[in-house]
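# Residue-level structure breakdown
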Amino acid sequence: MHGSGTANEPGPTCGSGVGSGVDHEFLALERELAVFLRRARANSGEMAREVHPELEPAAYGLLVRLEETSCQRATELSGYFGVGKATMSRQLRALEELGLVTREPDPADGRASLVRLTDEGLARFQRVRDARRELYVQKLADWDRGEVSELARLLHHLNARAEM
């Protein structure tokens, strides 16, 4: 019966690894976030491929952010995502090569450029996002709208704390 337990309950040969004095609410939060993040990464990969077969999974988040903001400097994007400028530059270059984003001079500072979605990039992104949103609607159909709203509020609060 090795490893016969459920995801939340280890099998008989597995130790719980939880000592006394452990804050169980935060352990539960960590466990659920780990599962959520693993699934989110897998979903990002699927959504990225749906936007463009050559799009890397991490770049999907860039499309989300650019759709939200209309345009941003690469330095703002790297700060928002907490990645280095070189990483951001490489990801943006790949998106440009795929025709999904373009750069234009920043009217506030001619030395800088603003990144924005191309019409093609926006259309592809919106098609995938709308299909994904419909899946959320289906998966959470038995939830009260207030619960969905509360989940969104709490996740926003968590994300805002991460930016601090």
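Presented here is an overview of the structure given in this document. (Residues numbered from 1 in each chain as written. Predicted model: local features only at pLDDT ≥ 70, side-chain atom pairs only at ≥ 80, totals over all residues. Heavy atoms only, no water.)

## A few points about unusual backbone geometry
Rule in force here: The helix and strand labels rest on DSSP assignments: H or I over at least four residues marks a helix, E over at least two residues marks a strand, and numbering proceeds from the N terminus.
You will see that S70, though not glycine, has its phi angle at about 75°, which is positive. By the secondary structure assignment, S70 is in the loop between helix 2 (57-69) and strand 1 (71-73).

## A few points about the side chain of H52
Selection criterion: Two residues form a contact once any of their heavy atoms are found within 4.5 Å.
If you trace the backbone, H52 turns up in the loop between helix 1 (24-51) and helix 2. Not counting residues up to four positions away in its chain, the partners in contact with H52 are L98, L100 and R124.

## Thoughts on helix 5 (residues 119-139)
We apply this condition: In this analysis, the expected span of each helix is defined as 1.5 Å times one less than the number of residues it contains. Each residue is placed in one exposure class: buried if its accessible area under a 1.4 Å probe, protein chains only, is under 20% of its type's maximum, exposed if it is over 50%, and partly exposed if it falls in between. Think of the arc as the fan of directions from the helix axis to the C-beta atoms.
Helix length check: helix 5, at 21 residues, gives a terminal C-alpha distance of 30 Å against a target of 30 Å (1.5 Å per residue), a fit within 8%. Within helix 5, burial applies to G121, F125, V128, R129 and R132. Mapping the buried residues of helix 5 onto a view down its axis gives an arc of 100°, with all of them on the same face.

## Examining the nonpolar core
The following threshold applies: Buried Ala, Val, Leu, Ile, Met, Phe, Trp, Tyr and Cys residues form a nonpolar core when they are joined through side-chain atoms within 4.5 Å.
If you look at the biggest cluster of nonpolar residues, it comprises 19 residues, and the most contacted ones within it are L55, L63 and L95. Counting only elements with at least two residues in this core, the list comes to helix 1, helix 2, helix 4 (85-97), strand 3 (109-117) and helix 5. Examining the composition of this core, we find that five residues originate from one element, helix 2, more than from any other. Residues within four places of L55 in sequence aside, it is in contact with A48, R49, L63, L95, L98 and L100.

## Quick notes on the pairing of strand 3
For a regular strand, the rule is simple: side chains alternate between the two faces of the sheet. Worth spelling out the cut-off: A pair of strands is treated as paired once DSSP finds two or more bridges between them.
Direction of pairing for strand 1 relative to strand 3: antiparallel, over a ladder of three bridges. The residue bridging C71 from the neighbouring strand is R116, located in strand 3. With six bridges connecting them, strand 2 (residues 101-106) and strand 3 associate as antiparallel partners. Bridging from a neighbouring strand, E104 pairs with L114 of strand 3. Taking the residues between adjacent antiparallel strands as the criterion, strand 2 and strand 3 are bridged by two residues.

## A closer look at the pattern of salt bridges
Rules: By salt bridge we mean one thing: a side-chain nitrogen of Lys or Arg within 4 Å of a carboxyl oxygen of Asp or Glu.
Applying the stated criterion across every chain yields a total of 14 salt bridges. Salt-bridge contacts for E96 lead to R103; the nearest nitrogen and oxygen are separated by 3.0 Å. On the basis of relative accessibility, which here comes to 31%, the residue R103 falls in the partly exposed class. For the salt bridge of E150 with R153, the shortest nitrogen-to-oxygen distance reads 2.8 Å. Note that E150 and R153 are positioned in helix 6 (residues 145-163) at a spacing of three residues, about one turn of the helix. On the accessibility criterion, E150 (34% relative accessible area) is partly exposed. Judged by its relative accessible area of 46%, R153 is partly exposed. Residues joined by salt bridges that share partners form a network here, namely R73, D106, D109 and R111.

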